[in-house]
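Structure assessment
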There are 2 protein chains.
Amino acid sequence: MNRKELIDLIHKKKSFLCVGLDSDITKLPKCVMESEDPVFEFNKRIIDATLPYTVAYKPNLAFYESHGISGLVSLKKTMDYLHTKENECFVIADAKRGDIGNTSKQYAKAFFTKEGDFDFDALTVAPYMGEDSVKPFLEYENKWVILLALTSNKGSDDFQMFENAEGVKLYERVLRKAQDWGNEDNLMFVVGATKAEKFTEIRKIVPNYFLLVPGVGAQGGSLAEVCKYGLNKDCGLLVNSSRGIIFADNTEQFDIVAGEKAQEMQQEMAMYL
Amino acid sequence: MNRKELIDLIHKKKSFLCVGLDSDITKLPKCVMESEDPVFEFNKRIIDATLPYTVAYKPNLAFYESHGISGLVSLKKTMDYLHTKENECFVIADAKRGDIGNTSKQYAKAFFTKEGDFDFDALTVAPYMGEDSVKPFLEYENKWVILLALTSNKGSDDFQMFENAEGVKLYERVLRKAQDWGNEDNLMFVVGATKAEKFTEIRKIVPNYFLLVPGVGAQGGSLAEVCKYGLNKDCGLLVNSSRGIIFADNTEQFDIVAGEKAQEMQQEMAMYL
């Protein structure tokens, strides 16, 4: 999906909600546990219920890899199902990959092609290894790198806030440097909702880029704050909620409740747009 | 495998060689392409030929993930085979993972348990997200985090050399900070062989830690230089070679040639030990 299509989708649905499919099998409602593939059954019902209010889905690879190959089979079924909704959502692999050039090239194949089984629209990438670890992902048309800049967790202070003699922090360096490699059509950045006070400064460095914003909900970030300082003329935000939507209820009605939670967020988002 | 067992293995084999199983299917010799699972057949023959000279194997996840689920089935078979050699080698997942705490916890399960299908001894981890992204991996007994510090690629200059007002570089900050989280029994660092001039400084910060050293061979690093500045009283090095061993030959004799290349490196290593 290209930038224009993504923006059109946001305006059509009046939403910039991303639903994180962190589908931890130990938290799934009992009613799906009897089906042949509980994780896929859960994801499918969550997708069906939330799709009207959602522009993006973000499976978190860790929750599938932790069950080995059977977990990845559940992910593939989920992706096959999402591909039947191709023009209705953008799909992000939250996998935080990144390695030397010849290896990132293989990861790009893994996430952006049918040969890799998943064929995502976008992949989260960790910047630590620099240019040649990021560029191979930028060579695919209509595919996106979402580069970690300032993450939502406590540990983000340890290195991302590391500062040079001119007062430039590492995450600011990442935001600036990455613009030499990619552009607004193939690159986004991760900025945590728990850092809302930083959005004004960040928007000075990347005024037109899309930001993927985790940390609203269970992690404590505020949607109103993020929007106040983070929205740009093209929206420029994808705000993720995982646990706050998908595990809002664990009865047989879990999907209906997830849909309601997504709708609540979509209605708040429509106001800000 | 714990630290003592690893050191004993190094002394028994007079080797600190790690063979990188970057088993790119497009580079495999024709003779394995007719078998049911060419990647597994290739890996098995490489392992059989190199095991006497090798203390560690390091499958690079990207080369398996790029073939989707079937690639991961080849990796699982390779790991099952390596588990039959359990006391003869240390096995590293080169996967550069790292995410917020609850997600790293899932990645730890993916790589360090049978439930995740692979049960590796060690995992390479990217430090960008800080403490809570690393700690969950350190909670497993006899399992190891190998944290990226100074990598072998050109892009390592972009962020790893970023320097604060006191002249401390980011990779030095990583080396220092991570010692608050782990210790010599569960933590190693990645330092590229292409940065041999940096080993003296690095050994001042982490005198007793093991270092995993990629970049000898195809990437241009020198084994002699790495050993001169990097060896410590317990050896303290695992030096990786991937392409220089596994793709040294592409005839039916590929495994014999790989064994010879591994033996050459082992003999040079025995001299330095």
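Above: the structure in question.
Residues numbered from 1 in each chain as written. Chains lettered and ligands numbered in written order. Predicted model: local features only at pLDDT ≥ 70, side-chain atom pairs only at ≥ 80, totals over all residues. Heavy atoms only, no water.

1. Observations regarding the overall build of chain A
Going by this rule: Numbering goes from the N terminus for both helices and strands, where a helix is a DSSP run of H or I of at least four residues and a strand is a run of E of at least two. Throughout, radius of gyration means the C-alpha value; the globule benchmark is 2.2 Å times the number of residues raised to the power 0.38. In what follows, a contact means two residues having at least one pair of non-hydrogen atoms within 4.5 Å. Computed by Shrake-Rupley with a 1.4 Å probe, the accessible areas treat only the displayed protein chains as cover when residues are assessed.
Summing up its helical and strand segments, chain A has 13 helices and eight strands in all. For 273 residues, the compact-globule formula gives about 19 Å, and the C-alpha radius of gyration of chain A, at 18 Å, lands near that figure. Overall size of chain A, expressed as C-alpha extent along the three principal axes, is 60 × 45 × 35 Å. Of the contacts made within chain A by residues no fewer than 6 positions apart, 72% connect residues no fewer than 24 positions apart. Total accessible area on chain A stands at roughly 9,800 Å², and carbon and sulfur atoms take up 47% of it.

2. Concerning the pairing of strand 6 (residues 187–191) of chain A
Residues and elements named next belong to chain A. Short version of the rule: Exposure classes here rest on a 1.4 Å probe applied to the protein chains alone. A residue is buried below 20% of its type maximum, exposed above 50%, and partly exposed in between. Two strands qualify as a pair provided DSSP detects at least 2 bridges between them. Place the viewer so that the strands point away; then a crossover is right-handed whenever the path from the first strand over the helix to the second strand goes clockwise.
Summarising burial for strand 6: five of the five residues are buried, a large majority. The two faces of strand 6 match: L187, F189 and V191 on one face and M188 and V190 on the other face are all buried. Bridge count between strand 5 (residues 144–150) and strand 6: five bridges; the pairing is parallel. Residue L147 lies in a different strand from strand 6, and its bridge partner there is F189. As defined by bridge partners, strand 6 adjoins strand 7 (residues 210–213) across three bridges and the pair is classed as parallel. Each residue of the ladder has a partner; that of V190, found in strand 7, is L212. Handedness of the strand 6-helix 10 (residues 199–205)-strand 7 crossover: right-handed.

3. Looking at the sheet that holds strand 7 of chain A
Residues and elements named next belong to chain A. For clarity, the cut-off: Here, axes are lines fitted to C-alpha atoms. For helices the fit covers the stretch in contact, and angles between N-to-C directions go from 0 to 180 degrees.
The strand order 1-2-3-4-5-6-7-8 describes a closed barrel built from eight strands, whose pairing is parallel. Direction aside, neighbouring strands of the sheet carry axes that sit 30 degrees apart on average. Bridge analysis of strand 2 (residues 56–59) against strand 3 (residues 90–97) gives two bridges, and the strand direction is parallel. What sits directly across from A56, in strand 3, is F90. Of the strands in this sheet, strand 3, strand 4 (122–125) and strand 5 are in contact with helix 6 (residues 101–112), which crosses strand 3 at around 150 degrees. Sheet strands touched by helix 11 (residues 223–230): strand 7 and strand 8 (237–241). Its angle to strand 8, the strand with the most contacts, is close to 165 degrees.

4. Quick word on the side chain of A:K169
Looking at where A:K169 falls in the secondary structure, it is placed in the loop between helix 8 (156–159) and helix 9 (170–177). The buried category is assigned to A:K169, whose relative accessible area is 19%.

5. A short note on the relation of the copies chain A and chain B
Superposition of the two copies of the chain requires a rotation about an axis together with a shift along that axis. Let me state the cut-off plainly: In this comparison the copies share one frame, found by least squares on the C-alpha atoms of residues holding pLDDT of at least 70 in both.
Superposing chain A onto chain B takes a rotation of 180 degrees combined with a translation of 0.0 Å along the rotation axis, leaving an RMSD of 0.0 Å. Here the symmetry operator amounts to a two-fold rotation axis. The overlap is high: 100% of the interface residues of chain A also sit at the interface in chain B, so the same surface is used on both sides.

6. A word on the interface of chain A and chain B
Convention followed: Here's the idea: put two parts together, see how much 1.4 Å probe accessible area each one loses, and the total over both is what we call buried area. Each reported salt bridge corresponds to a side-chain nitrogen of Lys or Arg within 4 Å of a carboxyl oxygen of Asp or Glu.
Each partner contributes to the interface: chain A provides 61 residues, whereas chain B provides 62 residues. Roughly 5,300 Å² of surface becomes buried between chain A and chain B when both sides are summed, with 59% attributable to carbon and sulfur atoms. Summed over the three residues of chain A that lose the most area to chain B, namely A:Y128, A:F159 and A:F162, the buried surface amounts to 18% of that side. Where chain A touches chain B, the interface holds four salt bridges. In this structure, A:E65 and B:R97 form a salt bridge, with 3.0 Å as the shortest nitrogen-oxygen distance. Residue assignment for the side of chain A that touches chain B shows that the elements contributing at least two residues are helix 4 (61–65), helix 5 (68–83), strand 3, helix 6, helix 7 (131–134), strand 5, helix 8 and helix 9 of chain A.

7. Comments concerning the packing of helix 3 (residues 38–50) of chain A against helix 13 (residues 254–272) of chain A
All names here are of chain A. This is how the line gets drawn: Relative orientations are named as follows: roughly parallel for angles under 35 degrees, roughly antiparallel for angles over 145 degrees, roughly perpendicular for angles from 65 to 115 degrees, and oblique for any other angle. Helix crossings fall into two classes, left-handed where the near helix is turned counterclockwise from the far one by less than a right angle and right-handed where it is turned clockwise.
The contact between helix 3 and helix 13 brings their axes to 8 Å, and the two run at 40 degrees. On the basis of their axis angle, the class for helix 3 and helix 13 is oblique. Relative to helix 13, the crossing made by helix 3 is right-handed. Counted together, F42, R45, I46, A49 and T50 of helix 3 and F254, D255, A258, G259 and A262 of helix 13 form the full contact between these two elements.

8. Points about the sheet that holds strand 7 (residues 210–213) of chain B
All names here are of chain B. Pairing is parallel in the closed barrel, where eight strands are placed in the order 1-2-3-4-5-6-7-8. Each neighbouring strand pair of the sheet contributes to a mean axis angle of 30 degrees, computed without reference to strand direction. The sheet contact formed by strand 1 (residues 17–21) and strand 8 (residues 237–241) spans three bridges and is parallel. Across the sheet, the residue bridging to C18 is N240, located in strand 8. Running at roughly 60 degrees to strand 7, helix 1 (residues 3–13) makes contact with strand 3 (90–97), strand 5 (144–150), strand 6 (187–191), strand 7 and strand 8 of the sheet. Across the sheet, helix 11 (residues 223–230) touches strand 7 and strand 8, and the angle it forms with strand 8 is around 165 degrees.

9. A short note on the environment of B:P127
Assignment of secondary structure puts B:P127 in the loop between strand 4 (122–125) and helix 7 (131–134). Along the chain, B:P127 and B:L147 lie 20 residues apart, while their C-alpha atoms are 6.5 Å from each other. Leave out the neighbours within four places in its chain, and B:P127 touches A:Y128, A:F159, B:L147, B:L148 and B:V174.

10. Section: unusual backbone geometry
Within the chain, A:D117 stands out as a residue other than glycine whose phi angle is a positive 85 degrees. With respect to the helices and strands, the residue A:D117 is situated in the loop between helix 6 and strand 4. With a phi close to 85 degrees, B:C235 is a non-glycine residue in the positive phi region. Tracing the sequence through the fold places B:C235 in the loop between helix 11 and strand 8.

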